[in-house]
Amino acid sequence: MASSKMESHKSPPWALHWRSNTLFIIATVAIGLFTDLFLYGLVVPVLPFMLTNRLSIPEDEIQSYVSNLLAAYAGASVVSSIPAGWIADRTSSRQAPFLSGLAALLAATFMLAFGQSIAVLFVARILQGVSAAVVWTIGLAMILDTVGPENLGKVVGSIFSFISVGELMAPVIGGILYQKTGYSGVFGVAAGVLGLDFLMRLAVVEKKTAAKYESKPPSSFQDGQNTTGEQRDNRRDDRHDAESATERDVLLPNKQDDDKFYKIHGEPNRIVRALPILACFRSIRLVVALILAFVQATLLAMFDATIPTEAQSLFGFTSLRAGLLFIALDVPYLVLGPVAGWAVDRYGTKPAAVIGFGYLVPVLILLRLPSDHILDGTGNITLYCALLALNGVGLAIIGSPSVVEASEVVRKFDKANPGFFGANGPYAQLYGFNSLFFCSGLTVGPILAGVLRDEVGYGNMNLVFAIIAACTATISLLVVGGKPWKDSVLPSLRRIDVR
């Protein structure tokens, strides 16, 4: 309290108004996520040629090494995600750990640029994964701190559509640069993006930090950063609850029972005290929300791992032309991401999850057509691009439901248990788990895709992923949004406390 009063008498930081502006904070997080995915994807079309030309890996081992290098990134993120969230919820500012992730990313970029052995490349991808865990976990927590739950869907949708450029256009840029300038051009661009990211992370000021310098009472959301979960969410939810109150609420006789479900009874054990977010896993909605993140990432990683190699074998494409194929995925994602996010805020998470994953089933199956050579020459390439664009529409639709659904469930736990999760709430821990599941998908996706493509062919590989999407759509229909299935893993679990 004393330190807070002292800070209130200090001169505010330079340009505090714009550095703590909502749009600047969102832009900073978006650039951080963009940089992570941009550097992740920049070497995707280059990896096969890097392994062949620089490291002299045999041609028949290239797909295996490419898949494993992509998986190494994701595996490191899995291991690092929860520690990153735990640290972020226990620090007074999210900026310091958010900024620290750049050190690992800088080292990784240097090693990828100059590494002369497969071991060095694997270490570089691992360091990239550690950095990704930090930026995703802390970045999403900063977004929720800044915009609140009522705007989370459209903001996340807009950010995901923007950063999809980082993931999906990076292979295009990487292919062009490698074709025209070699490795120096590829990693020179990487260094420039890192520099911009560093400056923005250094400049940003969080809302709760800026509020300490305000002479007037801070806004309800800013003030909520230093209060208990109940006080914070009561203010956060006034408008949210008013907007969502409909006749349906009157017709729910078990609404009080639902509220009681989120109340945590008894003294938590040592593990839950150390990681309070674990108490929220009694809700099947949270579990399924994280499964959605896993499947979403698996699908994204499948495209990353197989488009370059399929283009090379099917059409004889160079790295440049293989990278250009990602444009077909990128444009629908970029255009429809904000619209899909708005729809999640307006109509809920269930329609987007069910429609998105359900839509992906037929368009994934149709990806087998180019490898069946139903058209010749340019026509087959055009068909493949059109099918990739149709898949890009589905990827845009499934971009927001996981994060919004998980945040909504945890918000209810935070509101029902004031003080249990600490002053900052459990949101960085939540996004740590979200990152864990997402990066697990990025780990499994390339490996599964590589094995299936080698063993059963590209067309049957996509059939397997279509079945996964169909199962996910079914689970979403039953669980996401809380209806028609009750919001608990099993009715008996309502009687289980966290002791």
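Bear in mind the structure is a predicted one, so any value in this text is a computation, not a measurement. (Residues numbered from 1 in each chain as written. Predicted model: local features only at pLDDT ≥ 70, side-chain atom pairs only at ≥ 80, totals over all residues. Heavy atoms only, no water.)

**Examining the overall build of the protein**
Counting its regular elements, the protein contains 24 helices and 0 strands. Once local pairs closer than 6 in sequence are excluded, the contacts in the protein between residues at least 24 apart make up 84%. (Helix = DSSP H or I, 4+ residues; strand = E, 2+ residues; numbered from the N terminus. Contact = heavy atoms within 4.5 Å.)

**Some words on the packing of aromatic side chains**
What the rule picks out here adds up to 9 aromatic pairs. Note on Trp 342 and Tyr 347: the rings are 6.0 Å apart at their centroids and 85° apart in plane angle, and the pair reads as edge-to-face. (Phe/Tyr/Trp six-rings, centres within 6.5 Å; stacked < 30°, edge-to-face > 60°.)

**Looking at the environment of Phe 261**
Looking at where Phe 261 falls in the secondary structure, it is placed in helix α15 (residues 255-261). For Phe 261, a relative accessible area of 3% gives the class buried. Sequence separation between Phe 261 and Phe 413 is 152 residues; the distance between their C-alpha atoms is 8.8 Å. (Buried < 20%, exposed > 50% of the residue type's maximum accessible area, 1.4 Å probe, protein only.)

**Let's talk about the pattern of salt bridges**
Using the criterion set out here, one finds 6 salt bridges in the structure. Arg 285 is paired through a salt bridge with Glu 405; the nearest N and O atoms lie 2.7 Å apart. Within this pair, whereas Arg 285 is found in helix α17 (residues 284-315), its partner Glu 405 is found in helix α22 (residues 401-416), the two being separated by 120 residues in sequence. Here Glu 405 falls in the buried class, since its relative accessible area comes to 1%. Taking the shortest distance from any N to any O, the salt bridge between Arg 368 and Asp 372 comes out at 3.7 Å. It is possible to trace a salt-bridge network through shared partners that takes in Glu 408, Arg 411 and Lys 412. (Salt bridge = Lys/Arg side-chain N within 4 Å of Asp/Glu carboxyl O.)

**Here we look at helix α20 (residues 349-366)**
For α20, spanning 18 residues, the distance from its first C-alpha to its last is 27 Å, which sits close to the expected 26 Å at 1.5 Å a residue. Every buried residue belonging to α20 is among Thr 349, Lys 350, Ala 352, Ala 353, Gly 356, Phe 357, Leu 360, Val 361, Val 363 and Leu 364, and all of these are buried. Lining the buried residues of α20 we find α17, α19 (326-347), α21 (378-397), α22 and α24 (458-479). (Expected span 1.5 Å × (residues − 1).)

**Side note on the environment of Ile 365**
Turning to its location among the elements, Ile 365 is positioned in helix α20. Classification of Ile 365 by relative accessible area gives partly exposed; the value is 32%. C-alpha of Ile 365 to C-alpha of Leu 463: the two residues are 98 residues apart in sequence and 5.2 Å apart in space. Those residues in contact with Ile 365, other than ones at most four positions away along the chain, are Leu 463 and Ala 466.

**Considerations on unusual backbone geometry**
Non-glycine residue His 373 carries a positive phi angle of around 55°. Tracing the backbone through its elements, the reader meets His 373 in the loop between α20 and α21.

**A few points about the environment of Val 193**
Tracing the backbone through its elements, the reader meets Val 193 in helix α10 (residues 183-203). Note on Val 193: relative accessible area 16%, which makes it buried. The spacing of Val 193 and Asp 36 is 157 residues in sequence and 9.8 Å in space, taken between C-alpha atoms. The residues touching Val 193, leaving out its near neighbours within four places in the chain, are Phe 34, Thr 35 and Phe 38.

**Comments concerning the nonpolar core**
In terms of nonpolar packing, the biggest core is built from 143 residues, with Trp 136, Ile 159, Leu 299, Phe 303, Leu 364, Leu 388 and Tyr 431 touching the most fellow members. Among the elements that make up this core, the one with the highest residue count is α17 (19 residues). When residues no more than four places from it in sequence are discounted, the contact partners of Tyr 431 are Trp 136, Thr 137, Leu 140, Ala 141, Leu 144, Leu 152, Val 403 and Ser 407. (Core = buried A, V, L, I, M, F, W, Y, C linked by side-chain atoms within 4.5 Å.)

**Digging into the packing of α20 against α22**
The N-to-C vectors of α20 and α22 enclose an angle of 145°; their axes lie 9 Å apart at closest approach. Along this stretch, α20 crosses α22, giving a crossing that reads as left-handed. Of α22, the residues touching α20 (which contributes Thr 349, Ala 352 and Ala 353) are Pro 401, Val 404 and Glu 405. (Axes fitted to C-alpha atoms, helices over the stretch in contact; angles between N-to-C directions. Left-handed = near helix turned anticlockwise from the far one by under 90°.)

**What to know about the side chain of Ser 283**
With respect to the secondary-structure elements, Ser 283 resides in the loop between α16 (270-274) and α17. At 3.3 Å, the side chain of Ser 283 forms a polar contact with the backbone nitrogen of Arg 285. (Polar contact = N/O pair within 3.5 Å; in protein donor to acceptor, adjacent residues only side chain to side chain.)

**Topic: a nonpolar patch on the surface**
There is a patch of nonpolar side chains on the surface, built from Ile 176, Leu 324, Ile 327, Val 331, Leu 334 and Val 335 and spanning about 450 Å² of accessible area. In terms of residue count, α19 provides more of the nonpolar patch than any other element does, 4 residues in total. Inspection of the secondary structure puts Val 331 in helix α19. (Patch = residues over 30% accessible without salt bridge, like charges linked within 9 Å, V, L, I, M, F, W, Y side chains within 5 Å. Areas by Shrake-Rupley, 256 points an atom, 1.4 Å probe, with all protein chains shown as cover.)

**Topic: the confidence of the model for the protein**
Mean pLDDT over the protein works out to 78, with 83% of the residues at or above the 70 mark. The low-confidence segment residues 1-8, where pLDDT is below 50, has 3 contacts with residues more than four positions distant or belonging to other chains. Taken together, the stretch residues 216-232 has pLDDT below 50 and engages in 37 contacts with residues farther than four places along the chain or on a different chain. (pLDDT = per-residue confidence, 0-100.)

**A word on the side chain of Ser 77**
Following the sequence through the fold, Ser 77 ends up in helix α5 (residues 62-88). A polar atom in the side chain of Ser 77 sits 2.6 Å from the backbone oxygen of Gly 129. Discounting residues that sit within four places of it in the chain, Ser 77 has contacts with Gly 129, Val 130, Ala 132, Ala 133 and Cys 439.

**With respect to helix α9 (residues 170-181)**
Between its first and last C-alpha, α9 extends 15 Å over 12 residues, near the 16 Å set by a 1.5 Å rise per residue. Gly 182 sits one or two residues past α9 and shows a positive phi near 80°.

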